[in-house]
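# Tertiary structure, described
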Amino acid sequence: MTESPLRDRADRRLVDVRLGTVLEMAPVVDLSDRLGAALVAATARLPVELAAPAGELLRVYAGASRPEDFVRLFPVPVWSFLHWARAGACEGEDGAAWDALEQAHALSLLIHLLDDHLLDGQLSVDMLGLQLRTVAWQSMDHFARRAAEAWGVPESLVAGHLDRYVRAVTPTGPVQGLDHYLEVFTAQAAIWLLVPHLLEEAGRAAPGISDRVRDFVVAWRLIDDVEDAVEDAASGTRGALWWALDARGREAWDAYGRESRAGGRAEERAWRSLVGAVDASGAAARLVDDADALLQRASATANAAGHHGWTTEVQCVRMGLGREPVFPLPD
């Protein structure tokens, strides 16, 4: 692999929308470095012949100069909640448990992405990918259970989240609509909600942290699907925008995909039809509004819990959608 498969190859855009840039404080940058170091440590648990290639895979996949920067593929609030929760806790002798949670969450990010792209073919199903995924899963499970044991949280909480995730990434039938599409994704996000839920159950974070992280990641999925709509249409992938379109829009989406893959002279006409159908439907704007409502709810509940830093980060994300920051936050 010489370049990241996540590099944006789309010359066209259906909707000009993206997450806003988060202005990170030094402790959040330090957390990112620790999470990245946890991923590199996981590659060192591989057989010696695979350790160096695994680190290179992380580096190339992130399009970065070092493998530790893999974490930067994910929006800051998906992982920075760990800093804000830890900063507000009376840590005492809990340092080892917090460290274990950080490692577990870093590995959950890697596993979700590996599974996504091993399944869709962006990553080769080879010995390296399979061994890295196995080591990451075993290590994540180990660190999450270590923190649970230290804080007296039943191990069944860990097992429950991981079981839900595995069921969600194992297709059992076709998607039935936009609500079902988001329901499946929320279930897949269980692997990212394990650590927030464990913090709640251990009394190390105010109740509701898992709900606001969930709201953020669902909003991110909506925005990401709108942002990646051209590539999804070209590849025949049905994301949130396809499900939000009317019949005309879906027909135009599918037609553009067929022409794009065929490379025929009708592609430009199909593209114009798709742009017109998406604009006429208003579906993209509705999805962005839905995402913004989730972001506002997440930031409001975080603010009420005293996690003002995370609140500010989410407001920075909203600004990328062209939305004004809301201070004070709504109830």
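To be clear, the structure that these remarks concern was listed above.
Residues numbered from 1 in each chain as written. Predicted model: local features only at pLDDT ≥ 70, side-chain atom pairs only at ≥ 80, totals over all residues. Heavy atoms only, no water.

### Points about the overall build of the protein chain
Helix and strand counts for the protein chain stand at 15 helices and zero strands. Computed over the C-alpha atoms, the radius of gyration of the protein chain is 20 Å, within 12% of the 20 Å expected from 2.2 N^0.38 for a compact globule of 331 residues. Structurally, the protein chain occupies a C-alpha span of about 65 × 55 × 40 Å along its principal axes. Burial status across the protein chain gives 52% buried among its 331 residues. In the protein chain, 72% of the contacts between residues at least 6 apart in sequence involve partners at least 24 apart. Distance between charge centroids for the protein chain: 4 Å, based on 32 positive and 49 negative side chains. (Helix = DSSP H or I, 4+ residues; strand = E, 2+ residues; numbered from the N terminus. Rg over C-alpha atoms; globule rule 2.2 N^0.38 Å. Buried < 20%, exposed > 50% of the residue type's maximum accessible area, 1.4 Å probe, protein only. Contact = heavy atoms within 4.5 Å. Lys, Arg positive; Asp, Glu negative; His and termini not counted. Charge placed at Lys NZ, Arg CZ, Asp CG, Glu CD.)

### So, the pattern of salt bridges
Pairing between side chains of opposite charge can happen when their charged atoms approach one another. Counting across every chain of the model gives 21 salt bridges. With a closest N to O distance of 2.9 Å, Arg-34 and Glu-102 form a salt bridge. With Arg-34 in helix H1 (residues 26-43) and Glu-102 in helix H4 (residues 95-119), this pair connects stretches of sequence that are 68 residues apart. Here Glu-102 falls in the buried class, since its relative accessible area comes to 4%. Overlapping salt bridges bring together Arg-34, Arg-86, Asp-99 and Glu-102 as one network. (Salt bridge = Lys/Arg side-chain N within 4 Å of Asp/Glu carboxyl O.)

### Here's the deal with the nonpolar core
If you look at the biggest cluster of nonpolar residues, it comprises 116 residues, and the most contacted ones within it are Phe-70, Trp-79, Trp-151, Trp-192, Leu-199, Phe-216 and Leu-274. The greatest single-element share of this core, amounting to 13 residues, is contributed by H4. Setting aside its immediate chain neighbours within four residues, Phe-216 contacts Pro-75, Pro-77, Val-78, Leu-295, Ala-298, Trp-310, Val-314 and Val-317. (Core = buried A, V, L, I, M, F, W, Y, C linked by side-chain atoms within 4.5 Å.)

### What about the packing of helix H6 (residues 155-168) against helix H8 (residues 190-201)?
H8 packs onto H6 with a crossing angle of 160° between their chain directions and a minimal axis gap of 9 Å. On the basis of the axis angle, H6 is roughly antiparallel to H8. The hand of the H6/H8 crossing is right-handed. On H8, the residues touching Leu-157, Val-158, His-161, Leu-162, Arg-164 and Tyr-165 of H6 are Ala-190, Ile-191, Leu-193, Leu-194, His-197, Leu-198 and Glu-201. (Axes fitted to C-alpha atoms, helices over the stretch in contact; angles between N-to-C directions. Parallel < 35°, antiparallel > 145°, perpendicular 65-115°, else oblique. Left-handed = near helix turned anticlockwise from the far one by under 90°.)

### Focus on the packing of aromatic side chains
What characterises a pair of aromatic rings is the spacing of the ring centres plus the angle enclosed by the ring planes. Under the definition given, this model contains 10 aromatic pairs. Between Trp-192 and Trp-220, the ring centres sit 5.7 Å apart and the planes meet at 20°, which makes this aromatic pair stacked. Of this pair, Trp-192 sits in helix H8 while Trp-220 sits in helix H9 (residues 209-227); the two residues are 28 residues apart in sequence, bridging distant segments of the chain. Where Phe-216 meets Trp-310, the ring centres are 6.3 Å apart and the plane angle is 65°; that geometry is what we call edge-to-face. Of this pair, Phe-216 sits in helix H9 while Trp-310 is found in helix H15 (residues 308-319), placing the two residues 94 residues apart along the sequence. Both residues of the pair, Phe-216 and Trp-310, count as buried. Directly above the ring of Trp-242 sits Arg-250, whose terminal nitrogen or CZ lies 4.3 Å from the centroid. (Phe/Tyr/Trp six-rings, centres within 6.5 Å; stacked < 30°, edge-to-face > 60°. Lys NZ or Arg CZ within 6 Å of the ring centre and 35° of its normal.)

### Describing the environment of Ala-302
Residue position: Ala-302 is located in helix H14 (residues 283-304). Separated by 90 residues in sequence, Ala-302 and Arg-212 have C-alpha atoms that sit 7.0 Å apart. Residues contacting Ala-302, with those up to four places away along its chain left out, are Arg-212, His-307, Trp-310 and Thr-311.

### Section: the environment of Leu-82
Relative to the helices and strands, Leu-82 is located in helix H3 (residues 77-87). A relative accessible area of 1% places Leu-82 in the buried class. Note: C-alpha distance between Leu-82 and Leu-101 (19 residues apart in sequence) is 8.5 Å. Contacts of Leu-82, omitting those with residues within four sequence positions, involve Leu-31, Leu-35, Trp-98, Glu-102, His-105, Val-195 and Leu-199.

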